[in-house]
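Residue strings, one per chain:
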Amino acid sequence: MSVRPTPERPGPGQESVWDYPRPPRLEAFSGRITVELGGTMIVTTDRGWRVLETSHPPTYYLPADAFAAGVLRPAPGSSWCEWKGQARYFDVVTDSAVATKAAWTYPRPAPGFEPIAGAIAVMAAQMDRCTVDGETVMAQPGGFYGGWITRRVVGPFKGVPGSMGW
């Protein structure tokens, strides 16, 4: 049995992921986001959405039209999220790099998540660099989750060893 950790106390301008709801909440985001892979800037946008779920750093969903042409290649397989529905995957491809199944979308998301229909999220751990408002993000630990850690959020974050039951 996994014991719930002690949440870190947020400082000024910070959020605790332990104050995020379960089921998760979707909110619009209007900050600057960039994503780089293989020395190529593949996304630059000032709009998107954040999915906020207890113990997880935000997952950012970006408009599909913000991605450079040709960088998203449909990948086989799908997965199911109890909150958002069925996800489809993409390989992210540049002239010098391929990140396998590093992006995903919900073509027909569950009720409450309709705004992210067709929007794309990427695994920060598989990219060269992702930024939010100029800050380079750290990937959520564990390799399974797609959250982006910035100075704006405090944890501890799900994904570390022993956190499966959080």
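Conventions and cut-offs
- Residues numbered from 1 in each chain as written.
- Predicted model: local features only at pLDDT ≥ 70, side-chain atom pairs only at ≥ 80, totals over all residues.
- Heavy atoms only, no water.
- Helix = DSSP H or I, 4+ residues; strand = E, 2+ residues; numbered from the N terminus.
- Rg over C-alpha atoms; globule rule 2.2 N^0.38 Å.
- Buried < 20%, exposed > 50% of the residue type's maximum accessible area, 1.4 Å probe, protein only.
- Contact = heavy atoms within 4.5 Å.
- Areas by Shrake-Rupley, 256 points an atom, 1.4 Å probe, with all protein chains shown as cover.
- Lys, Arg positive; Asp, Glu negative; His and termini not counted.
- Charge placed at Lys NZ, Arg CZ, Asp CG, Glu CD.
- Pairing = 2+ DSSP bridges.
- Axes fitted to C-alpha atoms, helices over the stretch in contact; angles between N-to-C directions.

**Some details on the overall build of the chain**
Then comes step 1: On a plain count of helices and strands, the chain comes out with zero helices and 15 strands.
Then comes step 2: The C-alpha atoms of the chain give a radius of gyration of 15 Å, which matches the 15 Å a tight globule of 166 residues would have.
Then comes step 3: On the principal axes, the C-alpha backbone points of the chain span a range of 45 × 30 × 30 Å.
Then comes step 4: Taken across its 166 residues, the chain has 49% of its residues classed as buried.
Then comes step 5: Restricting the contact set of the chain to residue pairs at least 6 apart, pairs at least 24 apart contribute 51%.
Then comes step 6: For the chain, the accessible area works out to roughly 8300 Å², and carbon and sulfur atoms hold 54% of it.
Then comes step 7: Computing the positive centroid from 16 side-chain charges and the negative centroid from 15, the chain places the two 4 Å apart.

**Let's talk about the side chain of Thr59**
Then comes step 1: Take Thr59: it is sitting in strand β6 (residues 59-61).
Then comes step 2: Excluding residues that lie within four positions of it along the chain, Thr59 makes contacts with Trp49, Arg50, Val51, Trp104, Ala121, Gly146 and Gly147.

**Topic: the environment of Gly159**
Then comes step 1: Among the secondary structure elements, Gly159 is positioned in the segment after β15 (153-154).
Then comes step 2: For the pair Gly159 and Ile116, spaced 43 residues apart in sequence, the C-alpha separation works out to 24 Å.
Then comes step 3: Non-local contacts of Gly159, meaning those with residues more than four positions away in its chain, are made with Pro141, Gly142 and Tyr145.

**A word on the sheet that holds strand β11 (residues 129-132)**
Then comes step 1: On the basis of which strands lie adjacent, the open sheet formed by four strands has the order β4-β3-β11-β12 and antiparallel pairing. The open sheet is flanked by β4 (40-45) and β12 (135-136), the only strands paired with a single partner.
Then comes step 2: Here strand β3 (residues 33-37) pairs with β4 via five bridges, running antiparallel. The partner of Ile33 across the bridge, within β4, is Thr45.

**Structural notes on the sheet that holds β6**
Then comes step 1: The sheet built from three strands is open, its strands ordered β2-β5-β6 with antiparallel pairing. The outermost strands of the open sheet, each flanked by one partner alone, are β2 (25-29) and β6. Within the sheet, the average angular offset between the axes of one strand and its neighbour, ignoring direction, is 30 degrees.
Then comes step 2: Summarising the sheet, β2 and strand β5 (residues 48-52) pair through five bridges and their orientation is antiparallel. What sits directly across from Glu27, in β5, is Arg50.

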